[in-house]
Amino acid sequence: MLSHPDGLPAGTVTFLFTDIEGSVRLWEADPESMRAALARHDEILHDAVAARGGFVFKTMGDAFCAAFTDAAQALAAAAAAQLAILGETFAGGTPVRVRMALYTGEAEAAGGDYFGPPVNRCARLLGVAHGEQIVLASGTAEAMEGRLPAGITLRSLGTHQLRDLPHPEEVLQLLHPGLPADFPPLRALAALTHNLPYQATSFVGRERDLAHAESLLSETRLLTITGIGGVGKTRLAVELGFDLLPAWPDGVWFVGLGTVSEPTLVAPTAVAALGLKEQRQESLLDTLCNALRGKRLLLLLDNCEHLVDAVAEVVSALLRRCPDVRVVATGREALRAEGELAWQVPVLAVPDDVGLPAHLADYEAVQLFVDRARGADPAFALDERNAAAVGEICRRLDGIPLAIELAATRTAVLTPQQLVRRLDDRFGVLTSGRRGAEARQQTLRATIDWSYDLLSPAEQVLLGRVSVFAGGFELEAVGAAPGVLDDLAGLVQKSLVFTRPRADELRYDLPETVRSYAAEKLQESGEADAARYRHAVWFTALVAQGADLLGNRQAGWFDDLEREHANLRAAADRLLASDPPAGAELVLRLRRYWEVRGVWSEGREWYARVLAADVALPVERRADLLLAAGTLARFQGDLGEARSMAEEARTTSLAGAYLRGVGGGLNDLGTVALIHGDLSGARALYQASLAARERDRDERGAAVALHNLGMVAYHEADYAAAQALYERSLAMTRSSGDWFMVAQTLNNLGIVYHARARYEEARVRHQESLELRRELGDRSGVATSLHNLATVAQEQGDNAAARALYEQAMQVHEETGNRAYLANTLNNLGNMAYDEREVAVALAHFERAQAL
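Definitions and limits used
Residues numbered from 1 in each chain as written. Predicted model: local features only at pLDDT ≥ 70, side-chain atom pairs only at ≥ 80, totals over all residues. Heavy atoms only, no water. Pairing = 2+ DSSP bridges. Helix = DSSP H or I, 4+ residues; strand = E, 2+ residues; numbered from the N terminus. Axes fitted to C-alpha atoms, helices over the stretch in contact; angles between N-to-C directions. Salt bridge = Lys/Arg side-chain N within 4 Å of Asp/Glu carboxyl O. Buried < 20%, exposed > 50% of the residue type's maximum accessible area, 1.4 Å probe, protein only. Contact = heavy atoms within 4.5 Å. Expected span 1.5 Å × (residues − 1). Arc of directions from axis to C-beta.

Peer 1: Mind showing me how you'd approach the sheet that holds strand β11 (residues 252–256) here?
Peer 2: Pairing between sheet strands relies on hydrogen bonds along the backbone, with the strands arranged either parallel or antiparallel. Strands sit in the order β11-β12-β13-β10-β14 across an open sheet of 5 strands; the sheet is parallel. Each having just a single partner strand, β11 and β14 (340–344) make up the two edges of the open sheet. Going across the sheet, the axis of each strand differs from the next one's by a mean of 20°, ignoring polarity.

Peer 1: Explain the pattern of salt bridges here, please?
Peer 2: Side chains that differ in charge, positive against negative, can pair when their charged atoms come close. Counted under the stated rule, the structure contains 48 salt bridges. Note that Glu602 and Arg569 form a salt bridge whose closest N and O atoms lie 2.9 Å from each other. With a gap of 33 residues between them, Glu602 in helix α27 (residues 600–613) and Arg569 in helix α24 (residues 565–578) connect regions that are remote in the sequence. A relative accessible area of 14% means that Glu602 is categorised as buried.

Peer 1: Explain the sheet that holds strand β8 (residues 153–160) here, please?
Peer 2: What the 7 strands build is an open sheet, ordered β2-β3-β1-β4-β7-β9-β8; its pairing is mixed. With partners counted over all chains shown, the strands left at the sheet margins are β2 (55–60) and β8, one partner each. Going across the sheet, the axis of each strand differs from the next one's by a mean of 20°, ignoring polarity. Across 3 bridges, strand β4 (residues 98–106) lies against strand β7 (residues 134–137) in parallel orientation. Looking across to β7, one finds that Leu102 is bridged to Leu136. Its contacts with the sheet put helix α3 (residues 71–86) on β1 (12–20), β3 (63–68), β4, β7, β8 and β9 (169–175), and the angle it makes with β4 is roughly 170°.

Peer 1: Just checking my understanding: could you explain helix α33 (residues 719–736) for this structure?
Peer 2: In an α-helix, one turn spans 3.6 residues, which is why side chains three or four residues apart end up on the same side. With 18 residues, α33 extends 26 Å from end C-alpha to end C-alpha; this agrees with the ideal 26 Å at 1.5 Å per step. For α33, every residue scored as buried is listed here: Ala722, Gln723, Leu725, Tyr726, Ser729, Leu730 and Thr733. An end-on view of α33 places all buried positions within 165° of arc, on one side of the element. After α33 finishes, the residue Gly737 shows a positive phi value of roughly 80°.

As far as function goes, none of this settles anything; it's purely spatial.
Quick look at the structure:
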């Protein structure tokens, strides 16, 4: 038997799929016991499969998917696993009732997973089985050619129509003396009452959501499934109906309201869908209620958003007068009927970064794309050439199933890489819907048009205005005009805006697809420039509010800016295009945030953009921009750029009599000299900086100069002088509340104590510095403190602790791009490895440090 490049068996394969009956309820009842039981369940299945030459290619929660090249071995593995599970006493007495199904056929492998009809058929076969039962298709029995494993016989359960499959299948049950033999009839469809629409495509990526919906329906008589257009509400409701068919003796009935235009037609449409006859001298609502009274029935009302009030009236009457009827409704907002439980179905999970095919294939959105792409082009496969593009498509389409399906159909004429390049015009590209689908489901634009047209004029205006936000927004940023809160609530209820909890507040955001659509509408309205200007003004004010904050208030401000990073980018971009001086001011006020939070590369790009534009700025502002740009260049080890910026800042400040800029330029030139080992030059520059700052009465600047003179004394091994200078600087910075400099000075005091072999005092200073830096979110500073704590641990002989601290520091240095510090940490790790006679490890560290 050949193997696929992914390592999966190729050719004719027998699949074994398993899951635990009622797992959702077990998790909710006792999650700790279920977790332990599931771990043991996994061990049993893995052992049984591996012992018989099988390959576990996917696990999802309690579900197992394995493949075998020998059908008889697959059957033996199923029996062995079921016997072991039945003989096991699971944690907390958890009743682990596993159902199993086997199916044999030719399936395609890609990205560490299988695709194709046999996979779907095995999943559907599993769906008709009961807990502790093992079923198989007749084709699997034929593949064994009479080679039944010892002790196993087969019983025919008849021919059954399985969900989503065009032809009936003969289903057999595995019998073994140690296994239960008697079960209720299979959960097949033909014998059950329903009018559910059969689906031509497989159900992909929603198994967990389906289980959650089933659990929610067990708690309420009215479950409304809400969500953005195209998110798959209808398909989820239909699959839920199929899954629950055996529980409803009087059937599961689907009532499609998408094409119903008049509220008065809701009850007649339901009457017609259930095959009821109109009765004389009673309303159709009375006919409906009278016919369903005493029935145990599940009613699915689909696409209710344009008829909310009428549907709520019908549903309320049904629930009041028919106690054994339950209702599942779908729509873009809740019905707001009594007793309703509304659940917003999530979009499909998307990869957050580029990965290999095996990694991407775990994501629901990618699974759907690949499945539908195979429908358009049977030769399509997820591989290393297209994996990044497929992941990007799924991300940019927000995990919305309709959008992904429409994109996947384009693979018949476009590669995924070509599709990515065209997604900026997503509403023009994604237009090939399914024949027979309602018009609003055939293109992405039509789907969102439908939602947009149902909004009130005020909601339409607000949707356009909030489209200017990037990465979400707070309520305060929208404005306090009358009715804004109600309109925003309406957009949330209609699933066009979603919320994310943040501490004791909510944050709002739009799916990217909705944002693109709303931005078009905003542009058409003529209000785009005004909305973008209001956005920029708001975020400029936010930055200005905290530019001079110190202490723990500064840390909170940094958190605010980090959360609004995307909005700050958008605001700076708009201001630099429309009001360059205001844009330059915004960028400059972000200086401390970029320095402390390690956003160095981006900060340098913004400074370079402003300086290259030659914006007409006051001398003070240009000098400050040069100093800020030089500081970030120095942080990244670009000393030539740092020196150039500092020199230009000093020259510019001298020409404009800007004393603070003169002091800053001298200080930064001194730091470059210090890094190059020019101690006398650094001292002279720092002393000149101190004098300029004292003349300017710049206490914070003077504290920095004293701190830097302490560094010179340290490098001259004059530790007493260094300690005294640091202590003077520390007293000044503590009184000013500049936590950033307090942490830096404590760090350097720790280094001095280390040099004087006072290790415990060194550790205390480094630990205090680390805690301040963590609170500030100073990523580079955190790495430095971790590194210095590691050196103390190393001196004290605790190499294990030292290595762990060095590795933590190294990870942050890599993320922030601090090459000099990264090289230093690698060098120390190399020294430790060499001392421990790990020569190859030491050499690798030294070579990487040397390259840096």
